[in-house]
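Each chain, written out:
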Amino acid sequence: MLAARLPSILPALLPRELLEVSMIASVNGTLANGQLSDRRPFRSPHHSASMAAMVGGGIRARPGEVSLSHRGILFLDEFPEFSPAVLDSLRQPIESGECVIARANHRVTYPARFQLIAAMNPCRCGMSGEPGHSCARGPRCAADYQARVSGPLLDRIDLRVDVPAVSAADLLRPAASGETSATVRQRVEAARAVQGERAERLGLPPGTTNAQLPTHLVESVTRPDAAGGRLLAEAAERMRFSARAFHRILKVARTLADLAGAETVGRSHVGEAIGFRAAPERLQGAA
Ligand SMILES: [Zn+2]
């Protein structure tokens, strides 16, 4: 439910992005009555999806889910249930923002810059780590299940959040008066505007987000203050981050600072970014 709501807090598509999204829908034959919407796409393919359905292909080299969710959300529920080959095929578009379909005598390239949201249970029976539960298959239940998601793919996931089961008592409690999507969206739009202006000063295309910063600019744009830098160096040593993870933490920290309206990336932003990357307790041992 949370994943499906995500488009409602994202900024509207820019005109250039809207054109890209429409072109993909048109190639796919799904541009409904020629009507355009500035809402970001949300796709949630079933875990039985084939490689062709996910990354594109078939006789007419149709775009796959990674392209149909371009500039929007690709939501994969029951993440470890997808075939390992399909999951591994996501790595290239996640890195490059595009998807190449090779045919016998030519190749087709579609844009594929999506936000990946994945949901998984800690084990196959879904109960590992719940108080008072022990899996029939023992600790292997969680270890085998989590091993279906490869380390390199997991390394590309920046925010990892443990979501405990909702109890009947939770449902009976009066709803908390939280923020509306519209309020959150204003905050996201403000942070994106800051990122857009910064990107433009660096000569990058309008709408470039922190996630899309080219590697050679990451360290100068996201450089934390002295205390933040020390915290990151310590954590990198202790948690043995890959070079990719190191850059990704810096980008997340820059975004947290942008959301807070802070000019400089501080210790608290770095700490929060590291906390998001650290695997939740129930998913330890996955990588
Ligand atoms: Zn289990």
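Residues numbered from 1 in each chain as written. Predicted model: local features only at pLDDT ≥ 70, side-chain atom pairs only at ≥ 80, totals over all residues. Heavy atoms only, no water.

All right, on to the coordination of the zinc ion then. Protein ligation of the zinc ion involves Cys123 (SG), Cys125 (SG), Cys135 (SG) and Cys141 (SG), the donor distances falling in the range 2.2 to 2.3 Å. Here the zinc ion binds four donor atoms, and the angle range of 102 to 119 degrees at the metal identifies the geometry as tetrahedral. Taken in sequence order, the residues that donate to the zinc ion follow the motif C-x1-C-x9-C-x5-C. (Donors = N, O, S within 2.8 Å, 3.2 Å for Na, K, Ca; no water. Tetrahedral: all angles 85-135°; square planar, octahedral: opposite > 155°, others 65-115°.)

Structurally, the chain comprises domain 1 (2-120) and domain 2 (181-286). Between the C-alpha centres of domain 1 and domain 2 the distance comes to 24 Å. Each side of the interface is counted separately: domain 1 has 14 residues, and domain 2 has twelve residues. Summing both sides of the interface, domain 1 and domain 2 together bury roughly 1,000 Å²; the carbon and sulfur share of this comes to 53%. Viewed at the interface, domain 2 and domain 1 are joined by two salt bridges. Linking Glu95 and Arg248 is a salt bridge whose minimum nitrogen-to-oxygen distance equals 4.0 Å. Here domain 1 and domain 2 share two residue pairs in polar contact (both at pLDDT 80 or more) between them. When the residues that make up the side of domain 1 that touches domain 2 are grouped by side-chain class, the tally is seven nonpolar, two polar and five charged. (Domains from an automatic or database assignment. Contact = heavy atoms within 4.5 Å. Buried area = accessible area lost by both parts, 1.4 Å probe. Salt bridge = Lys/Arg side-chain N within 4 Å of Asp/Glu carboxyl O. Polar contact = N/O pair within 3.5 Å; in protein donor to acceptor, adjacent residues only side chain to side chain. Nonpolar A, V, L, I, M, F, W, Y, C, P; charged D, E, K, R; others polar.)

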